[in-house]
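Architecture at a glance
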Amino acid sequence: MQIEETGLEGLKLLTPRRFGDARGFFAELWNARTFAGFNLDVAFVQDNHSLSGPVGTLRGLHYQAPPHGQGKLVRCGRGRLLDVAVDIRRGSVTYGQHHAVELTSEDGRMLWVPEGFAHGFVTREEDTEIVYKCTGFYAPDAEFAVGWDSCGIDWGLAAEPVLSAKDAAAPALADIESPFEMGVAPCA
């Protein structure tokens, strides 16, 4: 597995090795020993799978507040999407900065999004699927969002995005009080 730093501490781009032949390919996506060797000693408790029909469906930017924070290992199961993480850790030198990367089912790349980041994506093909592992259980009372258009992200949209009512009403980054602090260990 190849791991690349993104410039935002803790946020990493991973490319699993694929072993292919005429039948297709095999790839190991997560292995506790391999990840621990890369200083990513995480325990996943939940897998999520989302399908977005129309191109331009934008979901996010979401996060869960401690003690229900979630780290996420995100990949594209089908189609193509722009995946984005925004650093919302108070005291971080990169607070408010984002990293965007295109993930496709063909390239197999994954983004590790640790606690302390708001996460979102926009679809670039019809019927795009995103699959991700989480380090924390879904906790609706701890779920929050940051306005998708408040962080200076170039989403590459040709038209207005397809949004949920919740995402359309999310507060701007400048208006949130982040529950995350740089250097404070995530809750277990």
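Attention in this report is confined to the structure presented alongside it. All values reported here derive from a predicted model rather than from experimental measurement.

Scoring rules and cut-offs
- Residues numbered from 1 in each chain as written.
- Predicted model: local features only at pLDDT ≥ 70, side-chain atom pairs only at ≥ 80, totals over all residues.
- Heavy atoms only, no water.
- Core = buried A, V, L, I, M, F, W, Y, C linked by side-chain atoms within 4.5 Å.
- Buried < 20%, exposed > 50% of the residue type's maximum accessible area, 1.4 Å probe, protein only.
- Phe/Tyr/Trp six-rings, centres within 6.5 Å; stacked < 30°, edge-to-face > 60°.
- Helix = DSSP H or I, 4+ residues; strand = E, 2+ residues; numbered from the N terminus.
- Lys NZ or Arg CZ within 6 Å of the ring centre and 35° of its normal.
- Salt bridge = Lys/Arg side-chain N within 4 Å of Asp/Glu carboxyl O.

Take the nonpolar core next. With 17 residues, the main nonpolar core has Leu61, Val86, Ile88, Val146 and Trp155 as its most contacted residues. Core analysis: the next-biggest nonpolar cluster, separate from the first, contains 16 residues, Val74, Leu111, Ile130 and Cys134 among them.

It is worth spelling out the packing of aromatic side chains at this point. Under the counting rule described, the total for this entry stands at five aromatic pairs. On the numbers, 5.8 Å between centres and 25° between planes, the contact of tyrosine 63 with phenylalanine 144 is stacked. Placement of the pair is tyrosine 63 in strand S6 (residues 58–64) and phenylalanine 144 in strand S14 (residues 143–145), with a sequence separation of 81 residues. Consider the rings of tyrosine 63 and phenylalanine 180, whose centres lie 6.0 Å apart with planes at 65°: the pair is edge-to-face. Residue tyrosine 63 is located in strand S6, and its partner phenylalanine 180 is located in strand S15 (residues 180–181); the two are separated by 117 residues in the primary sequence. Exposure remark for tyrosine 63: the relative accessible area of 7% places this residue in the buried category. Among the residues examined, phenylalanine 180 registers a relative accessible area of 6% and is labelled buried. Taken together through their ring pairs, the aromatic side chains of Trp30, Phe35, Phe44 and Trp112 make up a single cluster. In this structure, arginine 18 is placed above the aromatic ring of phenylalanine 25, and the distance from its NZ or CZ to the ring centre is 3.9 Å.

The tally for this structure, following the rule as stated, stands at eleven salt bridges. Between glutamate 5 and lysine 12 there is a salt bridge, with its nearest N and O atoms 2.8 Å apart. In this structure lysine 12 comes out as buried when scored by relative accessible area, which is 12%. When the shortest N-O distance is used, the salt bridge between lysine 166 and glutamate 143 registers 3.2 Å. Here glutamate 143 lies in strand S14 and lysine 166 lies in helix H2 (residues 165–168), a separation of 23 residues in the sequence. The exposure class of glutamate 143 is partly exposed, given its relative accessible area of 24%. It is possible to trace a salt-bridge network through shared partners that takes in Arg80, Glu102, Arg124 and Glu125.

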